[in-house]
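Working through the structure, step by step
What follows is each chain in one-letter form.
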Amino acid sequence: MNDLFLRACRREPVERTPVWIMRQAGRYLPEYRAVRERVGFTTLYRTPELATEVTLQPIDRFGMDAAILFSDILVPAEAMGFDVVFNPGPVIDAPLRSSSDVRRMRVSDPEEEVPFVFEAVQQLSRELADRVPLIGFAGAPFTLAAYLIEGRGTKNFDWTKRLLFAEPQLAHDILDRVTQVTERYVAAQVRAGAQAIQLFDSWAGLLDPALYREFALRYARRVFQATRSLNVPLIYFALNSAHLHEALAGCGADVVGADWRVPLDEVSRRLGGRFALQGNLDPCVLFAEPAKIESCVRATLEQARDLPGHVFNLGHGVLPQTPVEHVAAMVEAVRRHSR
Ligand code: 1CP
């Protein structure tokens, strides 16, 4: 198996830098759009054969060094009894606003409630056996809770922040339940065959460092501590977290994902040099000419030269309008310049 990704995560020597990109199975790929013309997003992630098919698309096309399960961070919300629809982003019809709402949250067993996730992981690990590792994932507890409280993605997540200030105990109750389910959810993915776990904390950047430590970091750390004994690399990606880097050093993961706002060598210094880093090309670089993409890739590799480990990635998900040939040019540039 191509285990460059796992070795880079473990800060072991590699012949070249491994590369994958967040949202690598998605709308920018014509073969993904072809599947989506036949079925809706919900059917896609609920059907293991289809989830497997689209997960493999970017591996087949670009030779990415890792696959990531095709699913969504809102899937465990279903396991907790929420109705989620995608339009195209997630919408929850009865979000959490009071303590009686919180009592509706079920700390259930994801293997019973959303079995299709683990069936997809099993099928993928069979089909990937000799190729590349499979990354399982979940939303970090704060980010998932923010959707449960807000009901949908919003600009500032005001309902969520309001609850943190006005009813901190209620917020902790929500986070505690979300954390318990998330611990079970990622453990079940590893048992089904996932070889690394990434937590996406996409909205943690809305918090100041003190609030971040109390309501986000603490719960992400709990998930990592519970998952540690399963012996797979743990990756923490908090978007927009430049003001949180010092706190983030206590996250308990092996690899920290960085967005494009701070150069990787600087991120590494702020984190105390202990982590492998994943990132961090601005997804908009992929709209430039291939020669420009190549020079930006080289600059990122240069900034990562002295890190204990580096997994090349974008600083956030690939955008749906991205030209596919430009993704190929990026992958090619990483291969050529990181040997
Ligand atoms: O129309 C479609 O085809 C659906 C669009 C789509 C896709 C392709 C959604 C709805 N989710 C996904 C897949 C997805 N989501 C993956 C698949 C694996 C991969 O290839 O990377 C992953 C890892 C996610 C994770 C996710 N979902 C995050 C964390 C990463 C990030 O972007 O910050 C978040 C915040 C979501 C919520 C979500 N789901 C979908 C959308 C469009 C959004 C974000 C916008 C919103 O909040 O409204």
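Above this text sits the structure in question.
Here is a short report on the structure shown in this document. Each chain has its residues counted from 1, running along the sequence as written. With pLDDT at 70 or above as the cut-off, local features in this predicted model cover only qualifying residues; side-chain atom pairs require 80 or more to be listed or tallied, and sums for whole chains, interfaces and linings still use all residues. Hydrogen atoms and water are omitted, and side-chain values are computed over all heavy atoms in the structure.

A separate point is the overall build of the chain. What the chain contains, in helices and strands, is 16 helices and 9 strands. In this treatment the radius of gyration is a C-alpha quantity, and the globule benchmark scales as 2.2 Å times the residue count to the 0.38 power. For 339 residues, the compact-globule estimate of 2.2 N^0.38 gives 20 Å, and the chain sits close to it at 19 Å. In terms of overall dimensions, the chain has a C-alpha envelope of 55 × 45 × 35 Å along the principal axes. Taking the contacts inside the chain whose residues are at least 6 apart along the sequence as the reference set, 73% of them involve residues at least 24 apart. Distance between charge centroids for the chain: 2 Å, based on 39 positive and 42 negative side chains. Helical segments are the DSSP runs of H or I of at least four residues, strand segments are the runs of E of at least two, and each set is numbered from the N terminus. The contact criterion used throughout is that any non-hydrogen atoms of two residues lie within 4.5 Å. Working convention for charge: Lys and Arg count positive, Asp and Glu count negative, and His plus the chain ends are omitted. By convention, the charge on Lys lies at NZ, on Arg at CZ, on Asp at CG and on Glu at CD.

A few words now on helix H9 (residues 141–150). With 10 of 10 residues buried, H9 lies mostly within the body of the structure. The set of residues buried in H9 consists of Pro141, Phe142, Thr143, Leu144, Ala145, Ala146, Tyr147, Leu148, Ile149 and Glu150. Phi for Gly151, located one or two positions after H9, is positive at around 95 degrees. Accessible area is worked out with a 1.4 Å probe on protein chains only. A residue is then buried under 20% of its type maximum, exposed over 50%, and partly exposed in between.

Turning next to the site of the ligand. Not every one of the 24 residues close to the ligand is listed here, only the nearest: Arg23, Tyr32, Tyr147, Ser202 and His316. Throughout this description, a polar contact denotes any pair of N or O atoms lying within 3.5 Å of each other; where both atoms belong to protein, one of them has to be capable of donating a hydrogen while the other can accept it, and for residues adjacent in sequence the pair is counted only when both atoms sit in side chains. At 2.7 Å, a side-chain N or O of Asp72 approaches a nitrogen atom of the ligand. At 2.5 Å from an oxygen atom of the ligand is found a side-chain nitrogen or oxygen belonging to Tyr147. In the complex, the protein chains occlude 87% of the 890 Å² of accessible area that the ligand would expose alone. Detection works on a 1 Å grid of protein atoms alone, calling trapped sets that fit a 1.4 Å probe cavities and calling open sets with protein on both sides within 12 Å along at least five of seven lines pockets, with lining residues defined by an atom within 4 Å of a point. Pocket or cavity membership: a molecule qualifies when more than half of its atoms sit within 2 Å of the grid points of that site. Its atoms largely coinciding with the cavity grid, the ligand occupies the largest pocket. Throughout this document, a residue counts as near a molecule or strand when at least one of its heavy atoms sits within 4 Å of that molecule or strand. To measure how exposed things are, a 1.4 Å probe is used in the Shrake-Rupley method; for residues, cover is taken only from the protein chains shown.

Tracing the backbone through its elements, the reader meets Leu4 in helix H1 (residues 4–9). Residue classification places Leu4 among the buried positions, given a relative accessible area of 6%. Leu4 sits 129 residues away from Pro133 along the chain, and the two C-alpha atoms are 9.1 Å apart. Apart from residues no more than four positions distant in its own chain, Leu4 is found in contact with Val14, Glu15, Arg16, Pro18 and Asp65.

Take the buried residues of types Ala, Val, Leu, Ile, Met, Phe, Trp, Tyr and Cys, join any two whose side-chain atoms come within 4.5 Å, and each joined set is a nonpolar core. Formed by 136 residues in total, the largest nonpolar core has its most connected members in Phe5, Tyr212, Tyr236 and Met330. Ranked by residue count, the leading element in this core is helix H11 (residues 168–192), at 11 residues. In this structure Phe5 touches Pro18, Trp20, Asp65, Ala66, Pro133, Ile135, Ala196, Ile235, Gln278 and Val311, once residues within four positions along its chain are discounted.

A large share of strand E8 (residues 276–281) lies buried, amounting to 6 of its 6 residues. At least two bridges found by DSSP between two strands are what make those strands a pair. By the bridge criterion, 3 bridges tie strand E7 (residues 255–257) to E8 in an arrangement that is parallel. Bridge pairing links Val255 to Ala276 in E8. Taken together, E7, helix H14 (residues 264–270) and E8 constitute a β-α-β crossover, and its handedness is right-handed. Crossover handedness for the path E8 to helix H15 (residues 290–303) to strand E9 (residues 310–314): right-handed. Looking down the strands as they point away from the viewer, one classifies a crossover as right-handed if the path from the first strand across the helix to the second runs clockwise.

Quick look at the packing of aromatic side chains now. Each Phe, Tyr or Trp ring, with Trp reduced to its six-membered ring, pairs with another whose centre is within 6.5 Å; inter-plane angles below 30 degrees give stacked pairs, above 60 give edge-to-face pairs, and intermediate values give tilted ones. This structure, assessed with the given rule, holds 14 aromatic pairs. Arranged with centres 6.0 Å apart and planes meeting at 90 degrees, the rings of Phe224 and Tyr236 form a pair that is edge-to-face. On the criterion of sequence distance, the pair formed by Phe224 in helix H12 (residues 209–227) and Tyr236 in strand E6 (residues 234–238) is long-range, its members being 12 residues apart. For Phe224, a relative accessible area of 1% translates into the label buried. Clustering of aromatic rings is evident, with ring pairs tying together Tyr32, Phe41, Tyr45, Phe70, Phe86 and Phe116. Arg97 extends its terminal NZ or CZ atom over the ring of Trp159, reaching a point 3.8 Å from the ring centre. A ring is scored as having a charge over it whenever the NZ atom of a lysine or the CZ atom of an arginine sits within 6 Å of its centre and within 35 degrees of its normal.

Let us look at unusual backbone geometry. Omega for the peptide link from Asn87 to Pro88 comes to -20 degrees, which places this bond in the cis form. Relative to the helices and strands, Pro88 resides in the loop between strand E2 (84–86) and strand E3 (90–92). Of the consecutive residues Gly279 and Asn280, the connecting peptide bond is found in the cis state with omega at -5 degrees. With respect to the secondary-structure elements, Asn280 resides in strand E8. Backbone geometry places Arg11, a non-glycine residue, at a positive phi of 60 degrees. On the secondary structure map, Arg11 appears in the loop between H1 and helix H2 (30–38).

This part takes up the sheet that holds E8. With respect to topology, 7 strands assemble into an open sheet ordered E1-E4-E5-E6-E7-E8-E9, the strand pairing being parallel. Strands at the two margins of the open sheet, each flanked by one partner only, are strand E1 (67–68) and E9.

Rolled over the atoms, a probe with the dimensions of a water molecule shows which regions are left empty. Grid points are joined across faces, edges and corners, and a volume is the space filled by probe spheres set on the points. In this structure, the largest pocket occupies an estimated 1,200 Å³ of space. Surrounding the largest pocket, 38 residues form its lining, Arg23, Asp72, Pro88, Gly89 and Pro90 being those nearest its centre. Contributions of two or more residues to the lining of the largest pocket are made by H2, helix H3 (41–46) and H9. Residue composition of the lining of the largest pocket, by class: 23 nonpolar, 11 polar and 4 charged. Residue lining of the second largest pocket: 17 residues in total, with Thr17, Leu301, Ala304, Arg305 and Ser338 positioned closest to the centre. No other element matches H15, which puts 3 residues into the lining of the second largest pocket. Any residue outside Ala, Val, Leu, Ile, Met, Phe, Trp, Tyr, Cys, Pro, Asp, Glu, Lys and Arg is labelled polar, Gly included; the first ten of those are nonpolar and the last four are charged.

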